[in-house]
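Listed here are the chains, written in short residue letters.
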Amino acid sequence: MCSEDQAIEILNRGGVVAIPTETVYGLAAQIDKPEALKKIFQTKERPFFDPLIVHVYSAQQAKDYCDEWPPVAQILADNFWPGPLTLVLPKNEKISPLITAGLDTVGLRCPRHEKTLSILRKIQIPLAAPSANKFGKTSPTSAQHVAESLPGIQVLDGGECEVGIESTIVAVKTEPQLQIELLRPGMVPWGEIKKTLKNYTVEYIEGNKEILAPGSLDDHYMPDIPLVLLEQNMSDKTLLDSVNKKLKLHFSSFVNMDLPEENYMAARVLYSRLREAGKCKEDFIVLKVKPFMLEEAWAPLWDRLKKASSLKI
Ligand code: AMP
Ligand code: MG
């Protein structure tokens, strides 16, 4: 663990440090330090083709790193920042291709956590910060989770994450017409974004997987033992037989996991429940799919559950 001043010192000298945000803990590096950016990828064992989100303390600062900052970007920032919304916009030369995996756009977000906002204001350099976990594994929502996932990395403890899952990501394009594309669902609802821009003529696009979005890779957020999503009623024996047959394994036990019905509560506890369940002595985790999980409000949660799971029965 480290203090805010120590975190700033680590960042200034080109190191990486885990920082709290309202979504999940991030593994941060200053964007003007290429060696530090490389350390993010090495520490996470993250492939270089997966771009990083850049964290800023204000829309004013975000603008400094964009080739274009259309009025709708300002409106979205005014309405949802600080908060769990990432805007993907054309980048300028101040953003290294290391951050964007060579894309000519950058993902920007102003997080809603006082400790991280305070660091951003003090250093005046944005921070690239993907989730502070090994690539493909469950994201951390407490300092303790980070310590377990990335031993040896200093963590600034900011308590448990209030939102609990990664930001909503939208790409904003103005040519040939105004277009907003949902790249990743999150707790800023897609419907709220549309409502906020009701005075604009916008083409909305959902679910285009051509641009890489986090978790467009099918395996993501994975717990330490397989997660099975159970959509049918069946006996324990039938379930075991079915899982063994489908996964070609010889499992003999499982643990049940559940989630609160209220979507914001469910998001807040999702990753800690997955981690907890992953530590048990049983062979796999079962989440029984309930009708409320299929409702629109659960879309961001369902997105994570699908990617974290190994099987749906
Ligand atoms: P995270 O792992 O939560 O930090 O989220 C990073 C994700 O944001 C990446 O996996 C990307 O898919 C997405 N992202 C970041 N920058 C861009 C970009 N320029 N274009 C499209 N997606 C982006
Ligand atoms: Mg991640």
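Keep in mind the model is a prediction, meaning the values are calculated, not measured.

So, how was this worked out
- Residues numbered from 1 in each chain as written.
- Chains lettered and ligands numbered in written order.
- Predicted model: local features only at pLDDT ≥ 70, side-chain atom pairs only at ≥ 80, totals over all residues.
- Heavy atoms only, no water.
- Pairing = 2+ DSSP bridges.
- Helix = DSSP H or I, 4+ residues; strand = E, 2+ residues; numbered from the N terminus.
- Contact = heavy atoms within 4.5 Å.
- Axes fitted to C-alpha atoms, helices over the stretch in contact; angles between N-to-C directions.
- Expected span 1.5 Å × (residues − 1).
- Bend = angle between axes of the 7 residues up to and from the residue.
- Buried < 20%, exposed > 50% of the residue type's maximum accessible area, 1.4 Å probe, protein only.
- Polar contact = N/O pair within 3.5 Å; in protein donor to acceptor, adjacent residues only side chain to side chain.
- Parallel < 35°, antiparallel > 145°, perpendicular 65-115°, else oblique.
- Left-handed = near helix turned anticlockwise from the far one by under 90°.
- Nonpolar A, V, L, I, M, F, W, Y, C, P; charged D, E, K, R; others polar.
- Domains from an automatic or database assignment.
- Buried area = accessible area lost by both parts, 1.4 Å probe.
- Salt bridge = Lys/Arg side-chain N within 4 Å of Asp/Glu carboxyl O.

Glancing now at the sheet that holds strand β6 (residues 127-128). Sheet strands pair by backbone hydrogen bonding; their relative direction is either parallel or antiparallel. Strands sit in the order β1-β2-β6-β3-β5-β4-β7-β8-β9 across an open sheet of 9 strands; the sheet is mixed. Edge positions in the sheet fall to β1 (17-19) and β9 (203-206), since each of these pairs with one other strand and no more. With 4 bridges connecting them, strand β4 (residues 85-90) and strand β5 (residues 105-109) associate as antiparallel partners. Each residue of the ladder has a partner; that of Leu89, found in β5, is Val106. The sheet contacts of helix α2 (residues 34-44) involve β2 (26-30) and β6, and relative to β2 the element is tilted by about 155°.

Along its 16 residues, helix α10 (residues 263-278) runs 22 Å from first to last C-alpha, staying within 8% of the 22 Å computed at 1.5 Å per residue. Where α10 bends most, at Val269, the angle is about 45°. Within α10, the full set of buried residues consists of Asn263, Ala266, Ala267, Val269, Leu270, Tyr271, Leu274, Arg275, Ala277 and Gly278.

In this section: the environment of Leu11. Position of Leu11 relative to the elements: it lies in helix α1 (residues 4-12). The class of Leu11 is buried, set by a relative accessible area of 0%. Between the C-alpha atoms of Leu11 and Gly102, which are 91 residues apart in sequence, the distance is 24 Å. If we ignore the near neighbours within four places in the chain, the residues touching Leu11 are Val17, Ala28, Ala29, Gln30, Lys33, Ile119, Ile123 and Leu127.

Here Lys307 lies in helix α11 (residues 299-308). Polar side-chain contacts of Lys307 include one of 2.5 Å to the side chain of Asp303.

Let us look at the packing of α10 against α11. Running from N to C, α10 and α11 cross one another at 20°; their axes reach a closest spacing of 10 Å. By the criterion of interaxial angle, the relationship of α10 to α11 is roughly parallel. The crossing of α10 and α11 is left-handed. Of the residues in α11, those in contact with Asn263, Ala266, Ala267, Leu270, Tyr271 and Leu274 of α10 are Leu301, Arg304, Leu305 and Ala308. Partitioning the contact of α10 with α11 into residue classes produces 8 nonpolar, 1 polar and 1 charged.

This brings us to the domain arrangement of the protein chain. In terms of domain boundaries, the protein chain breaks down into domain 1 (4-163) and domain 2 (227-312). Computed over C-alpha atoms only, the centres of domain 1 and domain 2 are separated by 30 Å. Facing the 12 residues of domain 1 at the interface are 8 residues of domain 2. Here domain 1 and domain 2 share an interface that buries about 780 Å² over both sides, 47% of which is from carbon and sulfur atoms. For the pair domain 1 and domain 2, the number of links is 2 salt bridges. In this structure, Glu148 engages Lys279 in a salt bridge whose closest nitrogen and oxygen atoms are separated by 3.3 Å. On inspection of domain 1 and its partner domain 2, the count reaches 6 residue pairs in polar contact (both at pLDDT 80 or more).

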